[in-house]
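# Fold and contact review
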Amino acid sequence: MDPRDAILQQVTPTVMVPLYGAFEPLGKLGHRFLSAGNGEWLEVRRSWLYARTRNLSPGAVAKPYGQVTGTIEWLMPAVPVELFKAFAQMARASAPKEAAAWITWNELTGEFSFKPVGVRSASEAAIHFDRPRLDEGEHLVVDLHSHGTGKAFFSSTDDADDRGEVKVSVVLGHCHQERMSTVMRLCLLGKYIALEVESSADGAITFKESNMSKQSSDTGR
Ligand SMILES: [Zn+2]
């Protein structure tokens, strides 16, 4: 085997889900593919997240493998609502131009940070920026950008920008209005799962898969 293939397959293997034995979740950081009786799945682990999502529905030929379920497990604390408010203010001040920022979480200190993104050029349609420098143990967890006075949605440009990453992505729109529009999703290496706010108790926000998204994934999206 070409040594490059050996490395690729070792780092990102496809694993057959046992039919009789217990399934052992991915224990280290990274991602792998699961071949299961109920489809092909992507399994991802970061210091702040563990997730499984179905990538493909089962084919016509049954596979003699076990089944897995979709899950999103947050391994970081709830995100302080102040950081979202800081971005809403920034987006309002920038409208009609776009604004962008990151919320990061440091697994060594347990702290969240708000990082305004150095915007090189902002128009009403697109934004180009330099990625913030991160400290040791610090990870991008929420990627925020605004659509100025336009509505919040994930554009084809957003899809292309988010494809290779594992993060929560949030868009704010109608930034000139009292009540802004917003959409949010979990990005898993090109797979997108719509999110909604589960709770904003104690000044911090947790996310969950949106019910609409759940219905479509249950039917083997
Ligand atoms: Zn956008």
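Each value, and the rule that gives it
- Residues numbered from 1 in each chain as written.
- Predicted model: local features only at pLDDT ≥ 70, side-chain atom pairs only at ≥ 80, totals over all residues.
- Helix = DSSP H or I, 4+ residues; strand = E, 2+ residues; numbered from the N terminus.
- Contact = placed C-beta atoms within 7 Å.
- Domains from an automatic or database assignment.
- Nonpolar A, V, L, I, M, F, W, Y, C, P; charged D, E, K, R; others polar.
- Pairing = 2+ DSSP bridges.
- Axes fitted to C-alpha atoms, helices over the stretch in contact; angles between N-to-C directions.
- Core = buried A, V, L, I, M, F, W, Y, C linked by C-beta atoms within 7 Å.
- Buried ≥ 20, exposed ≤ 12 C-beta atoms within 10 Å, placed from the backbone.

### A short note on the environment of Gly137
Tracing the sequence through the fold places Gly137 in the loop between strand E10 (127-129) and strand E11 (138-146). In the structure, Gly137 is positioned 29 residues away from Leu108 in sequence and 5.6 Å away in space, judged by C-alpha atoms. Non-local contacts of Gly137, meaning those with residues more than four positions away in its chain, are made with Asn106, Glu107 and Leu108.

### Regarding the domain arrangement of the protein
Split by domain assignment, the protein resolves into domain 1 (3-74) and domain 2 (79-210). Contacts between the two partners involve 12 residues from domain 1, matched on the other side by 12 residues from domain 2. With four residues, the top contributor of residues to the side of domain 1 that touches domain 2 is strand E4 (residues 49-56). Residues of the side of domain 1 that touches domain 2, tallied by class, amount to seven nonpolar, four polar and one charged.

### Observations concerning the sheet that holds strand E13 (residues 181-188)
Taken in spatial order, the eight strands make up an open sheet running E6-E15-E14-E13-E12-E11-E7-E8, and their pairing is mixed. With partners counted over all chains shown, the strands left at the sheet margins are strand E6 (79-80) and strand E8 (112-116), one partner each. In this sheet, E13 lies alongside strand E12 (residues 166-173) in antiparallel orientation, the contact comprising eight bridges. By the bridge assignment for E13, Val170 is matched with Met184.

### Here's the deal with the sheet that holds strand E5 (residues 71-74)
With respect to topology, five strands assemble into an open sheet ordered E1-E2-E3-E4-E5, the strand pairing being mixed. A strand with exactly one partner marks an edge of an open sheet, and here the two such strands are strand E1 (14-16) and E5. Taken pair by pair, the neighbouring strands of this sheet meet at an average axis angle of 25 degrees, ignoring direction. With seven bridges joining them, strand E2 (residues 30-36) and strand E3 (residues 39-46) adopt antiparallel strand pairing. Bridging from a neighbouring strand, Arg32 pairs with Glu43 of E3.

### Digging into the nonpolar core
Core analysis: the biggest nonpolar cluster contains 33 residues, and Ile103, Val142 and Val168 have the highest contact counts within it. Taken together, the elements giving at least two residues each to this core come down to helix H2 (81-94), strand E7 (100-106), E11, E12, E13 and strand E14 (191-199). Here this core spans two domains, and each of domain 1 (3-74) and domain 2 (79-210) adds at least three residues to it. Discounting chain neighbours no more than four positions away, the residues touching Val168 are Val141, Val142, Met184, Leu186, Leu195 and Phe207.

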